[in-house]
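Single-letter residue listing:
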Amino acid sequence: MKFNFIQTIISIAISILISYSLYSIHEGENKILLSIGSFVFLSTALITMIGVNFEQSRTTTNIRFVSGIFFVLAFISNLIFSFFTFSIPSYIIINGILLLIFVLIVYSIYKAKQ
């Protein structure tokens with residue numbers, strides 16, 4: 001696994017901008033939770049999609065595809081949360097489960113060397 005420095009920095013910057021836009025849209029009291037949670041999930045998905053290369057090209061392609069799907073899921077999930085009032089446990093549980101499923105799938109693909 002090899003990190004591309006410039007692409008990783010760009011992924012983090014994009015995640016920061018999206019998180020800030022979600023922070024600006026949300027009018028409830030959980031703005032900071034929404035922005036931090038969206039940054040963690042989006043940056044994890046974007047870094048594995050754009051900023052990481054693996055030894056085998058199949059592994060890289062599969063992980064990038066899964067990362068793209070989960071990036072879209074994370075964006076939609078956080079966008080929905082930004083328009084509605086939500087409780088802290090519901091946000092943490094939903095996004096936590098999605099993030100852990102994402103990490104499990106990426107780990108499984110990486111260990112399978114596919």
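The preceding data block contains the structure.
Computed from a prediction, not measured in an experiment: that's the story for all the values here. (Residues numbered from 1 in each chain as written. Predicted model: local features only at pLDDT ≥ 70, side-chain atom pairs only at ≥ 80, totals over all residues. Heavy atoms only, no water.)

Draft legend 1. Molecular detail of helix H4 (residues 88-112). The first and last C-alpha atoms of H4 sit 36 Å apart over 25 residues, in line with the 36 Å expected at 1.5 Å per residue. Looking one or two residues past H4, Lys-113 carries a phi angle of roughly 55 degrees, positive in sign. (Helix = DSSP H or I, 4+ residues; strand = E, 2+ residues; numbered from the N terminus. Expected span 1.5 Å × (residues − 1).)

Draft legend 2. Up close: the environment of Phe-81. Mapped onto the elements, Phe-81 comes out in helix H3 (residues 57-83). You can call Phe-81 buried: its relative accessible area is 11%. Once the C-alpha coordinates of Phe-81 and Tyr-23 are considered, the two residues, 58 residues apart in sequence, prove to be 11 Å apart. When neighbours within four sequence positions are excluded, Phe-81 is seen to be in contact with His-26, Leu-34, Phe-86, Ser-90, Tyr-91, Ile-94 and Asn-95. (Buried < 20%, exposed > 50% of the residue type's maximum accessible area, 1.4 Å probe, protein only. Contact = heavy atoms within 4.5 Å.)

Draft legend 3. Here's a closer look at the packing of aromatic side chains. Enumeration according to the criterion identifies 6 aromatic pairs in this entry. Consider the rings of Tyr-20 and Tyr-23, whose centres lie 6.4 Å apart with planes at 20 degrees: the pair is stacked. Taken together, the positions of Tyr-20 and Tyr-23, both in helix H1 (residues 5-25) and 3 residues apart, correspond to about one turn of that helix. For Tyr-20, a relative accessible area of 55% puts it in the exposed group. (Phe/Tyr/Trp six-rings, centres within 6.5 Å; stacked < 30°, edge-to-face > 60°.)

Draft legend 4. Representation of the nonpolar core in the model. If you look at the biggest cluster of nonpolar residues, it comprises 23 residues, and the most contacted ones within it are Leu-34, Phe-41, Val-66, Phe-71 and Phe-102. Where this core is concerned, the elements lending two or more residues are H1, helix H2 (31-51), H3 and H4. In this structure Val-66 touches Phe-102, Ile-105, Val-106 and Ile-109, once residues within four positions along its chain are discounted. (Core = buried A, V, L, I, M, F, W, Y, C linked by side-chain atoms within 4.5 Å.)

Draft legend 5. Highlighting a nonpolar patch on the surface. Taken together, the side chains of Ile-25, Val-72, Phe-75, Ile-76, Ile-80, Phe-83 and Phe-84 make up a nonpolar region of the molecular surface, amounting to roughly 650 Å² of accessible area. Top contributing element to the nonpolar patch by residue count: H3, with 5 residues. Within the element layout of this structure, Phe-75 appears in helix H3. Given the relative accessible area of 30%, Phe-75 is considered partly exposed. (Patch = residues over 30% accessible without salt bridge, like charges linked within 9 Å, V, L, I, M, F, W, Y side chains within 5 Å. Areas by Shrake-Rupley, 256 points an atom, 1.4 Å probe, with all protein chains shown as cover. Salt bridge = Lys/Arg side-chain N within 4 Å of Asp/Glu carboxyl O.)

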